[in-house]
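Analysis of the macromolecular model
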Amino acid sequence: MLDRILTELTIGGISRKADGKTKERAETLRSQLVGLSGNILTFKTHGWVQRVQLVRLPKWLNRFREGKKKLVDVVSWSIHSDVKVACSCPSMLYGGFAYIASEGGFKVGRDQTRFPKVRNPGLNGSVCKHLVKVLEDLPGLVATVTRLVKRGMKQEEAEPAPKAALRKGRGG
Ligand SMILES: [Zn+2]
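Small disclaimer: the values here were computed from a predicted structure and weren't measured. (Residues numbered from 1 in each chain as written. Predicted model: local features only at pLDDT ≥ 70, side-chain atom pairs only at ≥ 80, totals over all residues.)

**A short note on the overall build of the protein**
Scanning the protein for helices and strands turns up 9 helices and 6 strands. Each of the 172 residues in the protein was classed as buried or not, and the buried ones make up 26%. Here the analysis covers contacts within the protein between residues at least 6 apart in sequence; of these, 60% occur between residues at least 24 apart. (Helix = DSSP H or I, 4+ residues; strand = E, 2+ residues; numbered from the N terminus. Buried ≥ 20, exposed ≤ 12 C-beta atoms within 10 Å, placed from the backbone. Contact = placed C-beta atoms within 7 Å.)

**Structural notes on the sheet that holds strand S4 (residues 40-46)**
Taking strand neighbours across the sheet as the criterion, the 4 strands line up as S3-S4-S5-S6 in an open arrangement whose pairing is antiparallel. Where the open sheet ends on each side, the last strands, each with one partner, are strand S3 (30-37) and strand S6 (84-87). Going from strand to strand, the sheet's axes swing by 20° on average, the running direction of each strand aside. Pairing analysis gives 6 bridges linking S4 to strand S5 (residues 51-56), with the strands arranged antiparallel. Within S5, the position partnered with Leu 41 by the bridge is Val 55. (Pairing = 2+ DSSP bridges. Axes fitted to C-alpha atoms, helices over the stretch in contact; angles between N-to-C directions.)

**Focus: the nonpolar core**
By size, the foremost hydrophobic cluster in this structure holds 29 residues, and its most contacted members are Val 55, Val 85, Phe 97, Ala 101, Val 127 and Leu 131. Put simply, the parts of the chain that give this core at least two residues each are S4, helix H4 (71-79), S6, helix H6 (97-104), helix H7 (129-137) and helix H8 (142-158). Here this core takes 5 residues from H6, the largest share from any one element. Apart from the residues lying within four places of it in its own chain, the contact partners of Leu 131 are Gln 53, Val 85 and Cys 87. (Core = buried A, V, L, I, M, F, W, Y, C linked by C-beta atoms within 7 Å.)

**Some points on the pairing of S4**
The alternating pattern of S4 places Leu 41, Phe 43 and Thr 45 on a buried face and Ile 40, Thr 42, Lys 44 and His 46 on a face that is not buried. The hairpin turn running from S3 into S4, its antiparallel successor, is 2 residues long, and Gly 38 in that turn takes a positive phi close to 65°. Hairpin connection of S4 to S5: 4 residues between the antiparallel strands.

**Overview of unusual backbone geometry**
Not every positive phi belongs to a glycine, and Leu 123 is a case in point at roughly 50°. Summarising the element assignment, Leu 123 is placed in the loop between H6 and H7.

**Here we look at H6**
Along an α-helix, residues three or four positions apart point the same way, because every turn accommodates 3.6 residues. H6 sits mainly inside the fold: 6 of its 8 residues count as buried. For H6, every residue scored as buried is listed here: Phe 97, Ala 98, Tyr 99, Ile 100, Ala 101 and Gly 104. Just past H6, the residue Gly 105 takes up positive phi, approximately 75°.

**Side note on the packing of H4 against H8**
Here H4 crosses H8 at 115°, and the two axes come no closer than 9 Å. Read as a crossing pair, H4 and H8 show a hand that is right-handed. Facing Leu 71, Val 72, Val 75, Ser 76 and Ile 79 of H4, the residues of H8 in contact are Val 142, Val 145, Thr 146, Val 149 and Lys 150. (Left-handed = near helix turned anticlockwise from the far one by under 90°.)

**Re the environment of Gly 35**
Among the secondary structure elements, Gly 35 is positioned in strand S3. Along the primary structure Gly 35 and Val 149 are separated by 114 residues, whereas in three dimensions their C-alpha atoms are 9.9 Å apart.

**Some details on the environment of Ala 143**
Relative to the helices and strands, Ala 143 resides in helix H8. Residue Ala 143 is classed as exposed on the basis of its 10 C-beta neighbours within 10 Å. Ala 143 sits 71 residues away from Val 72 along the chain, and the two C-alpha atoms are 6.9 Å apart.

**Re the confidence of the model for the protein**
When pLDDT drops low, the exact placement of atoms in the prediction is not to be read closely. Taken residue by residue, the protein gives an average pLDDT of 86. The fraction at 70 or more is 90%. Mean pLDDT per element in the protein: helix H9 (residues 162-171) is the minimum at 56, and S4 is the maximum at 97. (pLDDT = per-residue confidence, 0-100.)

If you want it as C-alpha cells, here you go:
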C-alpha cells in the first residue's frame, strides 16, 4: 500500500498517478517520528506550519508472537503492508485527500464521504505533502520503530495491564 500511495493508486477502478507538485512541496519539509501508541505511529512535520500525522500499521503483534520471525522483520513487513494515514492539515480535509483516502481504504478514523467538488473535483494526488514526506521517510525507520515496540513491550511487562493483574488476583 505504501508504494501504491506514493506512485500509483487505483480508486473506483480508475488508476491515477501521484501528484508531482505535491511531491516537490514535500521535499521542503522535515518529518519527525514522535511516538508509537498501540499500532499507531505519530509524526510531526516541520515546515512553515507544524502539522501532525498518524500512520496506523496493520495489527501485526500477534503475528510476531505466534510466529518465529524476528521483531525487526515483522515491523518491516507491517510498514510495507496496508498502512492507514491521517494529517491535521486543511488540505487533507478540504483538498479532497480525506475523500481519496477513504475511497482508497487507507484513512485513519471516520471516512470522508463528501466529494471535493470545489477544491479537487479531478481527485488529483493521493495524500497531502506532509503525508508524502512521512511515507517516503517511513521505510527508513524500521530500526527506530522496532526500538519503540521493544520499549513498549518492556513497559507492558513492568506494569501488567489491569486485566492481567485482575486474573492474577483471582487465581491467587
Ligand atoms: Zn497534511
